[in-house]
Amino acid sequence: MTENEFKKKINSIFINIDTNFFSNIEKYKMVLQAYNKKMNLTRLEKEEKIYGQYFYESILPFAQIDFNKYKNILDIGSGSGIPGIVLKLLYPNNISLTVIEANKKKADFLKFLANELNIMITLLNKRAENIQNSEREKYDLVTSRAVAELKVILEISAPYCKINGLIVEPKGKKVKIELNNAANMIDQLNLILLPKTNLIFQKNKKNDLKFPRKWTEIIKN
């Protein structure tokens, strides 16, 4: 996807985006490319892939979400900033963004990136399953990209999400397999899969305090 194609797609799908979005995305791309020479943040080095497979595909699942309603966002395992940073650039005055990143070098990059883009984010350098009581049921929307299998990331994500909040966990070709494997966990976490979406769940009740379990327990089954 070229830069012009990216602009056309964004303008056709998202409404009322920030006037500085495209200039900030260009700055984001340049920071990413420069930093990637020192640290392997992404294998997508060509501009066409950065605009298409990186920026565009990361935020496409959010096209129908009203960020006037879902303002307090948590991005788990943000890595190099997607989708959270891109969403923040789309709607900087609507979204309050928190990112969790366990890798110290990647967390340092996110801090640097936020400073370069002049945006406010809350950065938590920790493992997401180590949730604090003050973080439970705190966020309107929780998301992640390519962090773990669906049943795993849902168990980690759901306790952070408010009742009636959304959990957005888009998946690729193995979506049916992962959804089937996660069926029991979806039920235990009081989640409802919204129809006609690429894995957007709504949480309808509080989660049992046993969730999320310790990592060693999560990966056992």
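The structure under discussion appears in the preceding block.
Sequence order as written defines residue numbering, which begins from 1 separately in each chain. Only residues with pLDDT of at least 70 are given local features in this predicted model, and only at 80 or more are side-chain atom pairs given and counted; all residues enter the totals for whole chains, interfaces and linings. In computing side-chain values, all of the structure's heavy atoms are included and hydrogens and water are not.

## Remarks on the nonpolar core
And then number 1: We call a set of buried Ala, Val, Leu, Ile, Met, Phe, Trp, Tyr and Cys residues a nonpolar core when their side-chain atoms join them within 4.5 Å. Note on exposure labels: buried denotes an accessible area under 20% of the residue type's maximum, exposed denotes more than 50%, and partly exposed covers the range between, all computed with a 1.4 Å probe on protein chains only. Counting residues in each nonpolar core, the largest one holds 45 residues, and the members touching the most others are Ile10, Phe21 and Tyr28.
And then number 2: Secondary structure is summarised from DSSP: a helix means a run of H or I of at least four residues, a strand means a run of E of at least two, and numbering begins at the N terminus for each. Those elements that place two or more of their residues in this core are helix H1 (3-13), helix H2 (21-36), helix H3 (47-59), helix H4 (84-90), strand E2 (96-100), helix H5 (104-117) and strand E5 (161-168).
And then number 3: Per element, the largest residue contribution to this core is seven residues, and it comes from H2.
And then number 4: Contacts between residues were defined by any pair of non-hydrogen atoms, one from each residue, lying within 4.5 Å. Beyond its immediate sequence surroundings of up to four residues, Ile10 is in contact with Ile17, Phe21, Phe22, Tyr56, Ile59 and Leu90.
And then number 5: Counting residues in hydrophobic clusters, the runner-up holds 26 residues, among them Ile100, Val152, Phe201 and Phe211.

## Some points on the layout of surface pockets
Where empty space is left in the structure can be found by rolling a water-sized probe over the atoms.
And then number 1: Only protein atoms enter the calculation, which uses a 1 Å grid: trapped sets of points that fit a 1.4 Å probe without letting it out are cavities, open sets showing protein on both sides within 12 Å along at least five of seven lines are pockets, and any residue with an atom within 4 Å of a point is a lining residue. Grid points are joined across faces, edges and corners, and a volume is the space filled by probe spheres set on the points. Roughly 700 Å³ of internal volume is contained in the largest pocket.
And then number 2: If you trace the largest pocket, you find 26 residues lining it, with Ile82, Ser144, Arg145, Ala146 and Val147 closest to the centre.

## A closer look at the side chain of Glu101
And then number 1: By secondary structure assignment, the location of Glu101 is in the loop between E2 and H5.
And then number 2: For this count, His and the chain ends are skipped, Lys and Arg are scored as positive, and Asp and Glu as negative. In what follows, salt bridge is the name for a side-chain nitrogen of Lys or Arg lying within 4 Å of a carboxyl oxygen of Asp or Glu. The charged side chain of Glu101 is buried without a salt bridge, its nearest counter-charge being Lys106 at 5.3 Å.
And then number 3: There is a polar contact of 3.5 Å between the side chain of Glu101 and the backbone nitrogen of Ser78.
And then number 4: A polar side-chain atom of Glu101 sits 2.7 Å from the main-chain amide nitrogen of Gly79.
And then number 5: Those residues in contact with Glu101, other than ones at most four positions away along the chain, are Gly77, Ser78, Gly79, Lys106, Ala107, Leu110, Leu124, Asn125 and Lys126. Between N or O atoms, a polar contact is any pair within 3.5 Å; within protein, one atom must be a potential hydrogen donor and the other a potential acceptor, and residues adjacent in sequence are included only when both atoms are from side chains.

## Quick word on the environment of Ile156
And then number 1: Considering the arrangement of structural elements, one finds Ile156 in helix H6 (residues 150-157).
And then number 2: Distance from Ile156 to Ala128, taken between C-alpha atoms, is 6.7 Å for residues 28 residues apart in sequence.
And then number 3: With near-sequence residues (within four places) excluded, Ile156 lies in contact with Ile76, Ala128, Glu129, Pro212, Trp215 and Ile218.

## Section: unusual backbone geometry
And then number 1: Here Ile82 and Pro83 are connected by a cis peptide whose omega angle stands at 0 degrees.
And then number 2: Summarising the element assignment, Pro83 is placed in the loop between strand E1 (72-76) and H4.
And then number 3: Residues Phe211 and Pro212 are joined by a peptide bond in cis, for which omega reads -10 degrees.
And then number 4: Secondary-structure assignment places Pro212 in the loop between strand E7 (200-203) and helix H9 (215-218).
And then number 5: Phi is positive for Glu137, close to 50 degrees, though the residue is something other than glycine.
And then number 6: The topology assignment puts Glu137 in the loop between strand E3 (121-124) and strand E4 (139-144).

## Side note on the packing of aromatic side chains
And then number 1: Geometry of aromatic contacts follows a simple scheme: Phe, Tyr and Trp rings, the Trp one being its six-membered ring, pair when their centres are within 6.5 Å, and the pair is stacked under 30 degrees between planes, edge-to-face over 60, tilted otherwise. Counting across every chain of the model gives 13 aromatic pairs.
And then number 2: With a centroid separation of 6.1 Å and an interplanar angle of 90 degrees, the aromatic rings of Phe6 and Phe22 are classed as edge-to-face. In this pair, Phe6 is assigned in helix H1 and Phe22 in helix H2, connecting sequence segments 16 residues apart. Across the pair, Phe22 and Phe6 agree in class, each one buried.
And then number 3: Seen in terms of ring centroids, Tyr28 and Tyr54 are 6.5 Å apart; in terms of plane orientation they differ by 75 degrees. Their pairing is edge-to-face. With Tyr28 in helix H2 and Tyr54 in helix H3, this pair connects stretches of sequence that are 26 residues apart.
And then number 4: A relative accessible area of 4% means that Tyr54 is categorised as buried.
And then number 5: Members of the aromatic cluster, connected to one another through ring pairs, are Phe6, Phe21, Phe22, Tyr28, Tyr51, Tyr54 and Phe55.
And then number 6: The ring centre of Trp215 lies 5.1 Å from the NZ or CZ of Arg127, which sits over that ring. Think of it as a cone above the ring: NZ of Lys or CZ of Arg counts as a charge over the ring if it is within 6 Å of the ring centre and within 35 degrees of the ring normal.

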